[in-house]
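# Geometric and topological summary
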Amino acid sequence: MIDTQSIENLKTRLDIVDVVGSYLELKKNGANWKCVCPFHDDSNPSLVVSPSKQIYHCFSCGAGGDSIKFVMEYEKLSYPETIEKLASMYNFSLSYTSNDGKTHEDRKLLENINIFFKKTLDNRPTATEYIKNRGIGEASVEKFELGYAPSSQENLNFLSSHGYTISEAIETGIAGVGENGRNYARFIERITFPIYSLNGKMVGFGGRTITGHNAKYVNSPQTKIFNKLNII
Ligand SMILES: [Zn+2]
């Protein structure tokens, strides 16, 4: 979780005129600012931003609140996602309670294995051939960060050689435990692409088989950081 004190510190830095002004064109109106309201079909600027009260209010549709509420509604983000978004806008570094430090580590694992998948793609001719045959150009490979997940053992070797435990790999959805109790990598011989949350954080992977594995596509399972409902 984001440390509540650090949210309070961030709040003191927020300026409603700055925040709304970073999304919409504001016009000075006496002591306040005005703009076209993004929350209803507005042609006459009816959204008023008050620097003294640090709020916005639409006189037509009634939308209103503080900087956080504005970003939440405008970007359709959850509260913690909004706080992270604002923190990055203000170059403010949030502190996290221990549990979320864990989330941070989980993300690091995903980012590292994404780098590994991307590197592996470059030296697997079968995979690069496959991509070429599907008519996917280099620009798309780069844009979608396509990679290649090799054999289960190679995945697990990569993780252990980078100091990750199997429970961390399971927690992030990169590995699973089979019925026989043996660990396996979830993405095997698949073209991979990372999945990002709305606020731009890597949360999991999608993968398409190129060697005829049963499931044509697999996605990361639901994990602490990959909440599928929040992504769509
Ligand atoms: Zn409105």
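Here the residue numbering is sequential within each chain, running from 1 through the sequence in written order. With pLDDT at 70 or above as the cut-off, local features in this predicted model cover only qualifying residues; side-chain atom pairs require 80 or more to be listed or tallied, and sums for whole chains, interfaces and linings still use all residues. Note: side-chain values were computed over all heavy atoms of the structure, leaving out hydrogens and water.

### Focus: a nonpolar patch on the surface
Patch membership requires over 30% relative accessible area and the absence of a salt bridge. Like charges are linked within 9 Å, and nonpolar side chains (Val, Leu, Ile, Met, Phe, Trp, Tyr) within 5 Å. Working definition of accessibility: Shrake-Rupley area with a 1.4 Å probe, residue cover restricted to the visible protein chains. For this document, the term salt bridge refers to a Lys or Arg side-chain nitrogen within 4 Å of an Asp or Glu carboxyl oxygen. A cluster of nonpolar side chains, contributed by Ile166, Ile170 and Val177, occupies part of the molecular surface with about 210 Å² of accessible area. Runs of E in the DSSP output that reach at least two residues are strands. Runs of H or I that reach at least four are helices, and both are numbered from the N terminus. Positionally, Ile170 belongs in helix H9 (residues 166-171). Partly exposed residues are those whose accessible area sits between 20% and 50% of the maximum for their type, while under 20% is buried and over 50% is exposed, using a 1.4 Å probe and protein chains only. Exposure remark for Ile170: the relative accessible area of 32% places this residue in the partly exposed category.

### As for the coordination of the zinc ion
Around the zinc ion, the donor atoms from the protein are Cys37 (SG), His40 (ND1), Cys58 (SG) and Cys61 (SG), and they sit 2.1 to 2.3 Å away. With a relative accessible area of 23%, His40 lands in the partly exposed category. Each metal site lists N, O and S donors within 2.8 Å (3.2 Å for Na, K and Ca). With water left out of the atoms, a site can look as if it is missing ligands.

### Side note on the pattern of salt bridges
On inspection of all chains with the given rule, the structure shows seven salt bridges. Residues Glu111 and Lys108 are paired through a salt bridge, measuring 3.8 Å at the closest nitrogen-oxygen approach. Taken as a pair, Glu111 and Lys108 lie in helix H5 (residues 98-122) at a separation of three residues, close to a single helical turn. Note on Glu111: relative accessible area 32%, which makes it partly exposed. Accessibility expressed as a relative area gives 42% for Lys108, which makes it partly exposed. The partner of Glu129 in a salt bridge is Lys132, with the nearest N and O atoms 4.0 Å apart. Here the residue Glu129 and the residue Lys132 both occupy positions in helix H6 (residues 125-133), the gap between them amounting to three residues, near one helical turn.

### Considerations on the sheet that holds strand E4 (residues 55-58)
Paired strands are those between which DSSP finds at least two bridges. If you walk across this open sheet you meet the five strands as E1-E2-E3-E4-E5, and the pairing is antiparallel. Each edge of the open sheet is held by one strand with a lone partner, namely strand E1 (27-29) and strand E5 (64-65). Inspection of the sheet shows E1 paired to strand E2 (residues 32-35) by three bridges, in the antiparallel sense. Within E2, the residue paired with Asn29 across the bridge is Asn32. We call two residues in contact when some of their heavy atoms are within 4.5 Å. Here an axis means a line fitted to C-alpha atoms, over the contact stretch when the element is a helix, while the angle between two N-to-C directions is reported on a 0 to 180 degree scale. Sheet contacts for helix H3 (residues 67-75): strand E3 (47-50), E4 and E5; angle to E4, the most-contacted strand, approximately 50°.

### A word on unusual backbone geometry
Peptide bonds are, in most cases, trans, and in most cases residues other than glycine have a negative phi. Despite not being glycine, Lys76 has its phi angle at roughly 55°, a positive value. Relative to the helices and strands, Lys76 resides in the loop between H3 and helix H4 (79-89).

### Description of the packing of helix H1 (residues 4-13) against H4
Viewed as axis vectors pointing N to C, H1 and H4 meet at an angle of 55°, and their least axial separation amounts to 11 Å. The angle between H1 and H4 falls in the class oblique. Handedness of the crossing formed by H1 with H4: left-handed. Taken together, the residues of H4 that come into contact with H1 (itself represented by Ile7, Leu10 and Lys11) are Tyr79, Ile83, Leu86 and Ala87. Each residue is assigned to one of three groups, with Ala, Val, Leu, Ile, Met, Phe, Trp, Tyr, Cys and Pro labelled nonpolar, Asp, Glu, Lys and Arg labelled charged, and all others, Gly among them, labelled polar. For the contact of H1 with H4, the per-class residue count stands at six nonpolar, no polar and one charged. We call two directions roughly parallel when the angle between them is under 35 degrees, roughly antiparallel when it is over 145, roughly perpendicular when it lies between 65 and 115, and oblique otherwise. Crossings are assigned a handedness: left-handed for a near helix turned anticlockwise from the far helix by less than a right angle, right-handed for a clockwise turn.

### Quick look at the sheet that holds strand E11 (residues 217-219)
Strand order in the open sheet formed by four strands is E6-E9-E10-E11, and the pairing between neighbours is antiparallel. Each of the sheet's edge strands pairs with one partner strand only, and the pair in question is strand E6 (147-149) and E11. When the angles between neighbouring strand axes are averaged without regard to direction, this sheet yields 35°. Judged from the three bridges that link them, strand E10 (residues 202-209) and E11 form a sheet pairing that is antiparallel. Among the inter-strand pairings, Gly207 is bridged to a residue of E11, identified as Val218. On the sheet, H6 packs against E6, strand E9 (190-196) and E10 and is oriented at approximately 70° with respect to E9.

### Comments concerning the nonpolar core
Core analysis: the biggest nonpolar cluster contains 26 residues, and Leu10, Val20, Leu47, Val49 and Phe70 have the highest contact counts within it. Those elements giving two or more residues to this core turn out to be H1, helix H2 (16-21), E3, E4, H3 and H4. For this core, the leading source of residues is H2, giving four residues. When neighbours within four sequence positions are excluded, Leu10 is seen to be in contact with Ile83, Leu86, Ala87, Phe92 and Leu94. Ala149, Leu159, Ala175 and Ile225 belong to the second largest nonpolar core, which has 17 residues in total. Residues belong to a common nonpolar core when they are buried Ala, Val, Leu, Ile, Met, Phe, Trp, Tyr or Cys residues joined through side-chain atoms within 4.5 Å.

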